[in-house]
Amino acid sequence: MTKIDWYILRKFIGTFIYSLMVLLIISVVIDITEKVDDFMNNNLSLRTIVVDYYFGFIPHIAALLFPLFIFISVIFFTSKMAYRTEIIAILTAGVSFRRFMRPYVIGALLFGGILWMGNRWVVPNANRIRTAFENTYIRSRGVGQTQYDRTTRIDSFTYVTFATYDPNYKSGSGFVMEKVEGLDMTFKLRADRILWDSVSSSWKLDYVSMRRIDHLHETWWNKQDTVLKMALTPKELVEERNIQEAMTTPELDRFIAREELRGAEGLNIYYVEKYRRTSSAAAVVILSLIGAIIASRKIRGGSGLHLALGIVISASYIIFLQFSTVFSTKANLDPLLAVWIPNFIFGGLAIWLYMRAPK
């Protein structure tokens, strides 16, 4: 690392932190204007708003826009260097363009590593704080809403249905459990009422009838009440929005493994979240290199043209990412491929721009 490397790296870090702070302040102000009525209607104190919400909101929005913050920052300070002919002086002094790019690669790997670690542990915990606050004070959806005709698969062979389920009392009515192996039903249970017992971590059933079917032989019996242990808890019966964002990567891995064991469907949204945490860190490196290559050329339009081009590229990246993730969650596109398609496309763009850059 030479003085020039440290000079560029300091500009990289300083410009990114400055732009990050400015854009975060703007994001917080916009968010406050949207939610000020909710804050006032719930008589929330300043401490509650800051600690219970914005401590979770700020890491969330920072991680969401982190690659774009990096991209704009690189374009901004590199364009300033090109406008002051600093880059021309560096290259004419005998420094190759590849050597000139070294501090950008180091800075991009540094910030990419920070984002990767944050996506795995810090940001999910922050999202847990944010979503808990929003579910309590912002959204009209409450835990106490009664659910009707709720069917859940708890393993590869077992399905349970609640005619009604009240999350407040953790009880339901019209409960049915069915075990299906292949095309044959082997067991069926009905209960008029079902209640969660938190002491024994089991379900209490009243007025129970059971049928066991073995090909042409069928056994049927009734019970006044019974206790049933199954791999289903009241917490799992409450649907939470964007639950995958509030799980750390180890928790997300365990959740996916459990849902696969149950034979659950629609898991692509969880796989997309899992793979996105790594692909967004890789996007930091790719977009940093693209920004450095584009802005290193001194052009007549100056920084304004560079920033305009950067905004176009940023918007294109977001569009590609949104299209690919939608195709994954709605049309069964492989989740790993979906989140990496934008990186493949823009990685190829980075290589093409590097090959055409004046050396």
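Everything below is about the structure printed above this text.
Along each chain, numbering runs from 1 in the same order as the chain's sequence is written. Reporting of local features is limited, given that this is a predicted model, to residues whose pLDDT is at least 70; pairs of side-chain atoms are given and counted only at 80 or more, and all residues count toward the totals for whole chains, interfaces and linings. For side-chain calculations, the full set of non-hydrogen atoms in the structure is used, while hydrogens and water are omitted.

Another aspect to go through is a nonpolar patch on the surface. Candidates for patches are residues over 30% relative accessible area with no salt bridge; among them, like charges are joined within 9 Å and nonpolar side chains (Val, Leu, Ile, Met, Phe, Trp, Tyr) within 5 Å. Every accessible area reported is derived by Shrake-Rupley at a probe size of 1.4 Å, with residue values counting cover from the shown protein chains alone. Should a side-chain nitrogen of Lys or Arg be within 4 Å of a carboxyl oxygen of Asp or Glu, the pair is scored as a salt bridge. Where nonpolar side chains cluster on the molecular surface, the patch consists of Leu110, Ile114, Trp116, Met117, Trp121 and Val122 and spans about 560 Å² of accessible area. Assignment of secondary structure puts Met117 in helix H5 (residues 102-138). Three exposure classes are used, based on accessible area relative to the maximum for each residue type with a 1.4 Å probe and protein chains only: buried under 20%, partly exposed in between, and exposed over 50%. By relative accessible area, Met117 is classed as partly exposed at 45%. Secondary structure is summarised from DSSP: a helix means a run of H or I of at least four residues, a strand means a run of E of at least two, and numbering begins at the N terminus for each.

The subject of this paragraph is the pattern of salt bridges. Enumeration according to the criterion identifies 14 salt bridges in this entry. Among the ionic pairs, Glu245 bridges to Arg130, the shortest N-O distance being 3.3 Å. Of this pair, Glu245 sits in the loop between strand S6 (217-228) and helix H6 (249-262) while Arg130 sits in helix H5, placing them 115 residues apart in sequence. For Arg130, a relative accessible area of 7% puts it in the buried group. A single salt-bridge network, built from bridges that share partners, covers Arg130, Glu134 and Glu245.

So, about the packing of aromatic side chains. Any two rings among Phe, Tyr and Trp, with Trp reduced to its six-membered ring, count as a pair given centres within 6.5 Å; such a pair is stacked if its planes are under 30 degrees apart, edge-to-face if over 60, and tilted if neither. Inspection of the entire model under this criterion finds 28 aromatic pairs. Taken together, a centroid distance of 5.7 Å and an interplanar angle of 10° make the contact between Phe77 and Tyr104 stacked. Here Phe77 is found in helix H2 (residues 46-83), whereas its partner Tyr104 is found in helix H5, with 27 residues between them in sequence. As far as the burial class goes, Phe77 and Tyr104 line up, both buried. Here the aromatic rings of Phe162 and Trp203 are separated by 6.2 Å at their centres, their planes lie at 55°, and the arrangement is tilted.

We now examine the pairing of strand S5 (residues 202-214). For two strands to pair, DSSP has to find at least two bridges joining them. Bridge count between strand S4 (residues 184-197) and S5: 10 bridges; the pairing is antiparallel. Each residue of the ladder has a partner; that of Leu189, found in S5, is Met210. Linking two consecutive strands that pair antiparallel, namely S4 and S5, is a turn of four residues; a positive phi of about 55° is found at Ser201 within it. Sheet analysis places S5 next to S6, joined by 11 bridges and oriented antiparallel. Note that in S6 the partner of Arg211 across the bridge is Trp220. What sits between the antiparallel neighbours S5 and S6 is a turn of two residues, in which His215 has the positive phi angle 60°.

Next up on the list: helix H9 (residues 335-356). One less than the number of residues in a helix, times 1.5 Å, gives the span that helix is expected to have. Here H9 is 22 residues long and its end C-alpha atoms lie 33 Å apart, about the 32 Å a rise of 1.5 Å per residue gives. Working definition for bend: take the seven residues up to and ending at a residue and the seven starting at it, fit an axis to each, and measure the angle between the axes. When the local axis directions of H9 are compared, the greatest deviation, roughly 40°, occurs at Ile341, which is followed within four positions by the proline Pro342. If you check which residues of H9 are buried, you get Pro335, Ala338, Val339, Pro342, Asn343, Phe346, Gly347, Ala350 and Leu353. By the criterion applied in these results, polar contacts are pairs of N or O atoms within 3.5 Å in which, for protein atoms, one can donate a hydrogen and the other can accept it, and in which residues neighboring in sequence qualify only through two side-chain atoms. With a side-chain oxygen lying 3.1 Å from the backbone nitrogen of Leu336, the N-terminal cap of H9 falls on Asp334.

So, on to helix H1 (residues 3-41). Along its 39 residues, H1 runs 56 Å from first to last C-alpha, staying within 8% of the 57 Å computed at 1.5 Å per residue. At Lys35, H1 is bent by approximately 55°, the largest bend along its length. Just beyond H1, the residue with positive phi is Asn43, at close to 50°.

Within the secondary structure, Thr78 sits in helix H2. For Thr78, a relative accessible area of 0% corresponds to the buried category. A contact between two residues is defined here by any heavy atoms of the two lying within 4.5 Å. Those residues in contact with Thr78 that lie beyond four places of it in its chain are Ile87, Tyr104, Ala292, Ala295 and Ser296.

A word on the packing of H1 against H5. The packing of two helices is summarised by the inter-axis angle and the distance between the axes. Where H1 meets H5, the axes come as close as 13 Å, and the angle between the chain directions of the two elements is 15°. By the criterion of interaxial angle, the relationship of H1 to H5 is roughly parallel. Here the hand of the crossing between H1 and H5 comes out right-handed. Where H1 approaches H5, its residues Asp5, Ile8, Leu9, Phe12, Ile13, Phe16, Lys35, Asp38 and Phe39 are matched on the opposing element by Pro103, Tyr104, Ile106, Gly107, Ala108, Leu110, Phe111, Phe133, Glu134, Tyr137 and Ile138. Looking at side-chain class alone, the contact of H1 with H5 contains 15 nonpolar, one polar and four charged residues. Note on method: axes are straight lines fitted to C-alpha atoms, helices fitted across the in-contact stretch only, with angles between N-to-C directions ranging 0 to 180 degrees. Any angle that is under 35 degrees is reported as roughly parallel, and any over 145 degrees as roughly antiparallel; angles of 65 to 115 degrees are reported as roughly perpendicular and all others as oblique. Two helices cross in a left-handed way if the nearer one is turned anticlockwise from the farther one by less than a right angle. They cross in a right-handed way if the turn is clockwise. Only Asp, Glu, Lys and Arg are considered charged, only Ala, Val, Leu, Ile, Met, Phe, Trp, Tyr, Cys and Pro nonpolar, and every remaining residue, Gly among them, polar.

With that settled, the discussion passes to the sheet that holds strand S3 (residues 171-181). Hydrogen bonds between backbone atoms are what pair the strands of a sheet, whose relative direction is either parallel or antiparallel. Spatially, six strands are ordered S1-S2-S3-S4-S5-S6 in an open sheet, and the strand pairing comes out antiparallel. In this open sheet, the two strands that pair with only one neighbour each are strand S1 (147-153) and S6. In this sheet, adjacent strand axes meet at a mean angle of 15° when their direction is disregarded. As paired strands, S1 and strand S2 (residues 158-166) are joined by six bridges and run antiparallel to one another. In the sheet register, Arg153 faces S2, and the bridge partner there is Tyr159.

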